[in-house]
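# Structural description and commentary
Given next are the chains, with one letter for each unit.
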Amino acid sequence: MTAPPLPKQGPEISYREAVREAIREAILGDPRVFLMGEDVGRYGGCYAVTKGLLEEFGPERIRDTPLSESAFVGAGIGAALGGMRPIVEVMTVNFSLLALDQIVNNAATLRHMSGGQFEVPLVIRMATGAGRQLAAQHSHSLEGWYAHIPGIKVLAPATLEDARFMLGAALADPNPVLIFEHVMLYNMTGTLDGAGPVDIRSAKVRRVGRDVTLIAYGGTLFKTLIAAETLAKEGIEAEVIDLRVLRPLDTGTILASVRRTRRAVIVDEGWRSGSLSAEVSARITEGAFWDLDAPVERVCSAEVPIPYPRHLEEAALPQPPGIVAAAKATLGR
Amino acid sequence: MAEFRMPSLGADMVAGTLVEWLRRPGDRVRRGDIVAVVETQKGAIEIEIFQDGVIERLLVEVGTTVPVGTPLALVSGIGVGAPAAPTPPPLRPEAVVQAPAPRVPIPGPQVGRPLASPAARRIAQQFGVDLRALRGTGPGGAIVSADVEQAAKAPRRFDPAEMRRAIGAAMARSKREIPHYYLSTTIDITVAQRWMEARNAERPPPQRLLLAAPLLKAVALALRGSPELNGYHGERGFEPSPAIHIGVAIAIRGGGLMAPAIHDVDKLGVDELMAKLRDLGMRARSGGLRSSELSDSTITVTNIGERGVEAVFGIIYPPQVALVGLGKPMERPAVIEGKVLPRRTIVATLSADHRASDGHRGALFLAEMDRLLQAPEQL
């Protein structure tokens, strides 16, 4: 998989390295920032994102934790309440369910329940998504669940620039922010020339087109861009929107695009039922119904636990041919 | 700030459909610039603006049908307060009520409801397009916005029935409201004919004069002495027009009639006038007439006589107050100084509005026309 077209200058950097650079910058720039999680120190992180950081910053700033998501996410909330700026790494979104109580009942609510007296400036990073044959307990895309919860922000960096700069914006936010890094993006490489601070409010148009709007985020963004290239060869100019921020959703960018193209396809690695794609579809219907020329299409994961065998795993996930077919369906082709 | 309004392009027009904006907000416009195209029963007409200024805001979207007089755009700038163009008085509101609503209501849920997207339905309503007449190219054969937009853009076919209705309405109004009187005289055009033939002898066909040119010029010059026949009858009674804009009745293939104006005919040379006549006839049949040409005639001339009748007694086109009819030029026996001689003659008639003039005035006018045609080289 390749990065989106960035200027081909400067050193090549991987998504993994971009995240690491973001963590380094945060730790160097603010004494209140520290990182904790399972295997982030001595092992260097299960996706090797934090490799070398323990050696560079020592155990005060890079802290290995016991295998208890509830305990170390709770500790992160406490540290944030106490004035620190913790970055908590959870191995995958599947394991974050063990900390759901801390995230949903504590992190997301304390500001509200204290009448604004307490802020929880906590950042939780976790991996999400399938594609590495890690089977049904390590491969799901549950970020859409978190996007349901008021009181937290949910980010899905899909580009090197967002991997590199979203963390800084998240740490600057006084409220809890969850960052979802898709496992298939870590090896993506490219250059960061000219990239700079990013916002954590807006969706971005990654490809301009007039015929249909393809809406994606995280791991499905590049599959969607590949699909858009295929469509272009058939004379269909697809616009591709990278949601970037799953909560709060940037409805304005979505509607502005759909009002122009009159057609929308939502690509979401989550399951269709009760999903983020359902929410986006609902907002399009609410806000742009009279501009639509076709029913909104969705390309989601098959409604099964993600299979282990490679061919079945690939078959279960959104793939470019399915996105192409859905886009053409909106055009009656 | 001034309003640029849907012009009345004739007494038979009650509403028009804006089909194209040729200028955008922020554009500087000058008097006479074409700023929009409006679809009427007479086809697509280019609409001019009558003041200098800057387009501030467009008030009517493309595809909308609005009654005559509806503000289409706001215009600001140096032209504010400039004298308005000589346009006929606005139509009475009752005429607007009679406007046939071109919009087809979007059918509700029912058997046989066309499969159409929400966008297609919205645009169809806006443009007055009947979805049932379209074939869809969208998912499942659904009608989509592009299908409707294409249908809305397609030039509307000339509808003889619609034009017949419009002519009927205008003529009925004329006969109902205008107390016509009719005069007729035979004019000797032998001299004019010879003069014209002499001029044409040295010219290639495209530059040759037709009799219509000296005749029109004579009408225009004669009108200078008879202002009671040239102008408009409106709410405040008759208002003579200082300018002489002659509407020339032109038959349209497929049936129907329009009378676009040639402006300031009294100030045009005969050759210039001929060129304008040719141009007007071409544009009337192929489209591309300007709004002012359709709206500001101060009198109409019909020379239907070219088609073989000796005399034509026309019906005045409101709000004008006179119409000159020219019959077929014919060799007739004439008695001159006691001798019967063959002379080329034409019967000129005048239909005029008794609210603005009397037969005496009409007679003077026709006599003056006759006099002028005896000295064609001075036209």
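## Quick look at the overall build of chain B
The helix and strand inventory of chain B stands at 9 helices and 20 strands. Counting across all 379 residues of chain B, residues that qualify as buried make up 39%. At a minimum sequence separation of 6, the contacts of chain B that also span at least 24 residues come to 65%.

## Some thoughts on the packing of helix 6 (residues 212–224) of chain B against helix 9 (residues 359–373) of chain B
Residues and elements named next belong to chain B. Here helix 6 crosses helix 9 at 130°, and the two axes come no closer than 9 Å. The angle between helix 6 and helix 9 falls in the class oblique. The crossing of helix 6 and helix 9 is right-handed. Across from Pro214, Ala218, Val219, Leu221 and Ala222 in helix 6, the residues of helix 9 making contact are Phe365, Glu368, Met369, Leu372 and Leu373.

## Focus: the nonpolar core
In this structure, Leu155(A), Leu214(A), Ile215(A), Val265(A) and Ala327(A) are the most contacted members of the largest nonpolar core, which totals 114 residues. Apart from residues lying up to four places away in sequence, Val265(A) is in contact with Val212(A), Leu214(A), Ile215(A), Glu297(A), Val299(A), Ile323(A), Ala326(A), Ala327(A) and Thr330(A). Val60(B), Ile189(B), Val219(B) and Leu350(B) belong to the second largest nonpolar core, which has 71 residues in total.

## Quick word on the environment of Ala73(B)
Residues and elements named next belong to chain B. Here alanine 73 is to be found in strand 8 (residues 71–76). Between the C-alpha atom of alanine 73 and that of leucine 58, which follows or precedes it by 15 residues, the distance is 4.3 Å. The contact partners of alanine 73, leaving out residues within four places of it in the chain, are Phe4, Ile55, Arg57, Leu58 and Leu59.

## Details of the sheet that holds strand 5 (residues 43–48) of chain B
All names here are of chain B. Ordered by their spatial adjacency, 5 strands build an open sheet running 7-2-4-5-16, and the pairing between neighbours is mixed. Edge strands, defined here as strands with exactly one partner in the open sheet, are strand 7 (65–67) and strand 16 (289–290). The sheet contact formed by strand 2 (residues 15–21) and strand 4 (residues 34–40) spans 4 bridges and is antiparallel. Residue pairing for strand 4: threonine 17 is matched across the bridge by glutamate 39.

## Some thoughts on unusual backbone geometry
Leaving glycine out, the prevailing phi sign among residues is negative, and the prevailing peptide bond configuration is trans. Cis geometry is found at the peptide bond from Arg247(A) to Pro248(A), where omega equals -5°. By the secondary structure assignment, Pro248(A) is in the loop between strand 12 (245–247) and helix 10 (251–261). In this structure, Glu337(B) takes a positive phi of about 50° despite not being glycine. For Glu337(B), the location among the structural elements is in the loop between strand 19 (330–336) and strand 20 (339–353). For Glu337(B), a count of 5 C-beta atoms within 10 Å corresponds to the exposed category.

## Let's talk about helix 10 of chain A
Residues and elements named next belong to chain A. Within helix 10, burial applies to Ile254, Ser257, Val258 and Thr261. When helix 10 is viewed along its axis, its buried side chains cluster within an angular range of 95° and face the same direction. Looking at the packing, one finds that the buried side of helix 10 touches strand 9 (204–207), strand 10 (212–216), strand 11 (238–242), strand 13 (264–271) and helix 11 (276–288). Phi for arginine 262, located one or two positions after helix 10, is positive at around 70°.

## Concerning the packing of helix 3 (residues 69–81) of chain A against helix 5 (residues 100–107) of chain A
Residue and element names in this part refer to chain A. The geometry of helix 3 relative to helix 5 is characterised by a closest axis approach of 8 Å and an angle of 25° between their N-to-C directions. Between helix 3 and helix 5, the angle falls in the class roughly parallel. On helix 5, the residues touching Ser70, Val73, Gly74 and Ile77 of helix 3 are Asp101, Gln102, Ile103, Asn106 and Ala107. Its residues assigned to classes, the contact of helix 3 with helix 5 comprises 4 nonpolar, 4 polar and 1 charged.

Quick notes on the rules
- Note that residues are indexed from 1 along each chain, following the sequence as it is written.
- As a convention, the first chain written is A and the first ligand written is 1, with the rest following in written order.
- Residues qualify for local features only when their pLDDT is at least 70, as the model is predicted, and side-chain atom pairs are given and counted only at 80 or more; totals for whole chains, interfaces and linings, by contrast, use all residues.
- Only DSSP runs of H or I reaching four residues or more are called helices, and only runs of E reaching two or more are called strands; each is numbered from the N terminus.
- Whether a residue is buried, exposed or partly exposed is read from the other C-beta atoms within 10 Å of its own C-beta, which are placed from the backbone; 20 or more gives buried, 12 or fewer gives exposed, and intermediate counts give partly exposed.
- Any two residues are considered in contact once their C-beta atoms, placed from the backbone, lie within 7 Å.
- Whenever a helix is involved, its axis is fitted only over the stretch in contact; in every case the axis is a line through C-alpha atoms, and angles between N-to-C directions fall within 0 to 180 degrees.
- Roughly parallel here means an angle under 35 degrees, roughly antiparallel means over 145, roughly perpendicular means 65 to 115, and every remaining angle is called oblique.
- It is the rotation of the near helix from the far one that decides the hand of a crossing: anticlockwise by less than a right angle makes it left-handed, clockwise makes it right-handed.
- What makes a nonpolar core is a set of buried Ala, Val, Leu, Ile, Met, Phe, Trp, Tyr and Cys residues, with links drawn between C-beta atoms within 7 Å.
- DSSP calls a pair of strands paired once it identifies at least 2 bridges connecting them.
- In this description, the arc belongs to the directions extending from the helix axis to the C-beta atoms.
- Each residue gets one label: Ala, Val, Leu, Ile, Met, Phe, Trp, Tyr, Cys and Pro are nonpolar, Asp, Glu, Lys and Arg are charged, and the others, such as Gly, are polar.

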